[in-house]
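Listed below, chain by chain, are the residues.
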Amino acid sequence: LAQQFARPQICTRARQRRGRKGRTDKERRQNLNKTYIGNYNKILGECHIGHDAKIYNNVTIYPRVITGGFSEYLNNSNIGMCAVIHQKKIIGQYSMVGGNNMITKNVFPYYISINNKINRLNTKKIDEEVLNYDVQLREIETNIRNKIYDIEKYNLPDNIKDELSEFIHKIK
């Protein structure tokens, strides 16, 4: 009697074949990163933080910001009120996203980004030392947009080179 009500052998084999080709739910979950939120961040009310986001240290996210999944917010960055960040985007160190903007490109470190364009240096957050390298940083930003990642030819201090190389490593 038990054999009459057992599932046909074809279904079991088909399920086994699918299991071998596809991944199980457990395997899929292991490949995803967990959402990471670092230290000393300010995430104000009504924000939506997307899945698998990485928010590093000293990041300020103002109210009603919507962030996409797999995005990264590097140290000391600011996201303005009601901004929308597309998924898989990287917001650079000391950068600021203007309020009520939609970001569909990576945001270059040290600059204020409005409508996916860098406007000026973020003088509220950066040291006086970085202000002297504005022309070189703009040239590096243009090169990165054109997929030229060489920053060694520029005469920049080591701390700026380290932060830029970290940003370049993340966007590649």
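See the structure above.
Nothing here was measured: the structure is a model prediction, and the numbers come from that model.

Draft legend 1. Looking closely at the overall build of the protein. Looking only at helices and strands, one finds five helices and 13 strands in the protein. Scored against the burial criterion, the 172 residues of the protein give a buried share of 37%. When contacts within the protein are restricted to residue pairs at least 6 apart in sequence, those whose partners lie at least 24 apart make up 18%. Just so you have it, the protein exposes about 11,100 Å², and 48% of that area is on carbon and sulfur atoms.

Draft legend 2. Seen up close, the sheet that holds strand β8 (residues 84-85). Sheet architecture is open: three strands sit in the order β5-β8-β11, paired in parallel fashion. With partners counted over all chains shown, the strands left at the sheet margins are β5 (66-67) and β11 (102-103), one partner each. As defined by bridge partners, β5 adjoins β8 across two bridges and the pair is classed as parallel. When the bridges of β8 are listed, Thr 67 appears paired with Ile 85.

Draft legend 3. Representation of a nonpolar patch on the surface in the model. On the surface, Leu 44, Tyr 62 and Met 81 cluster together to form a nonpolar patch covering roughly 270 Å² of accessible area. We classify Tyr 62 as partly exposed; its relative accessible area is 36%.

Draft legend 4. Highlighting the sheet that holds strand β7 (residues 78-79). Here six strands make up an open sheet; going across it, the order is β2-β4-β7-β10-β12-β13 and the pairing mixed. Edge strands, defined here as strands with exactly one partner in the open sheet, are β2 (42-43) and β13 (117-121). The pairing of strand β12 (residues 111-114) with β13 spans three bridges and is classified as antiparallel. Among the inter-strand pairings, Ser 113 is bridged to a residue of β13, identified as Ile 118.

Draft legend 5. Structural detail: the side chain of Asn 76. Relative to the helices and strands, Asn 76 resides in the loop between β6 (72-73) and β7. Taking relative accessible area as the criterion, Asn 76 reaches 15% and is therefore assigned buried. Setting aside its immediate chain neighbours within four residues, Asn 76 contacts Asn 57, Asn 58, Val 59, Tyr 94, Ser 95 and Lys 125.

Draft legend 6. Up close: the side chain of Asn 41. Within the secondary structure layout, Asn 41 lies in the loop between β1 (36-37) and β2. A distance of 3.2 Å separates a polar side-chain atom of Asn 41 from the backbone nitrogen of Asn 58. Within the structure, the side chain of Asn 41 is placed 2.8 Å from the backbone nitrogen of Val 59, a separation counted as a polar contact. Not counting chain neighbours up to four residues away, the residues in contact with Asn 41 comprise Ile 55, Tyr 56, Asn 57, Asn 58 and Val 59.

Draft legend 7. Representation of the pattern of salt bridges within the structure. Following the criterion strictly, the structure yields five salt bridges and no others. Between Glu 46 and Arg 64 there is a salt bridge, and its shortest N-O distance comes to 2.9 Å. With Glu 46 in the loop between β2 and β3 (54-55) and Arg 64 in the loop between β4 (60-61) and β5, this residue pair connects regions lying 18 residues apart in the sequence. A relative accessible area of 48% places Arg 64 in the partly exposed class. For the salt bridge of Glu 72 with Lys 170, the shortest nitrogen-to-oxygen distance reads 3.2 Å. With Glu 72 in strand β6 and Lys 170 in helix α5 (residues 158-171), this pair connects stretches of sequence that are 98 residues apart. A residue is classified by how much of its surface remains accessible, and Glu 72, at 14% relative accessible area, is buried.

Here is what the cut-offs are and how they apply
Counting of residues starts from 1 at the beginning of each chain's written sequence and follows it residue by residue. Local features are withheld for residues below a pLDDT of 70 in this predicted model, meaning they are given only at 70 or higher, and side-chain atom pairs are given and counted only at 80 or more; totals for whole chains, interfaces and linings count all residues. Side-chain metrics rest on all non-hydrogen atoms present in the structure, leaving aside hydrogens and water. Secondary structure follows DSSP: runs of H or I at least 4 residues long count as helices, runs of E at least 2 residues long count as strands, and numbering of each begins at the N terminus. Think of it in three bands: with a 1.4 Å probe and only protein chains considered, a residue is buried below 20% of the maximum accessible area for its type, exposed above 50%, and partly exposed in between. Residue contacts are counted whenever heavy atoms from the two residues lie within 4.5 Å of one another. Surface exposure here means Shrake-Rupley accessible area, sampled with a 1.4 Å probe, where a residue is shielded only by the protein chains that are shown. When DSSP finds at least two bridges between two strands, those strands are taken to pair. Note on patches: the residues involved have over 30% relative accessible area and no salt bridge, like charges join within 9 Å, and the nonpolar side chains Val, Leu, Ile, Met, Phe, Trp and Tyr join within 5 Å. Salt bridges are counted wherever a side-chain nitrogen of Lys or Arg sits within 4 Å of a carboxyl oxygen of Asp or Glu. Polar contacts, as used here, are pairs of N or O atoms within 3.5 Å; protein pairs need one atom able to donate a hydrogen and one able to accept it. Residues neighboring in sequence count only if both atoms are side-chain atoms.

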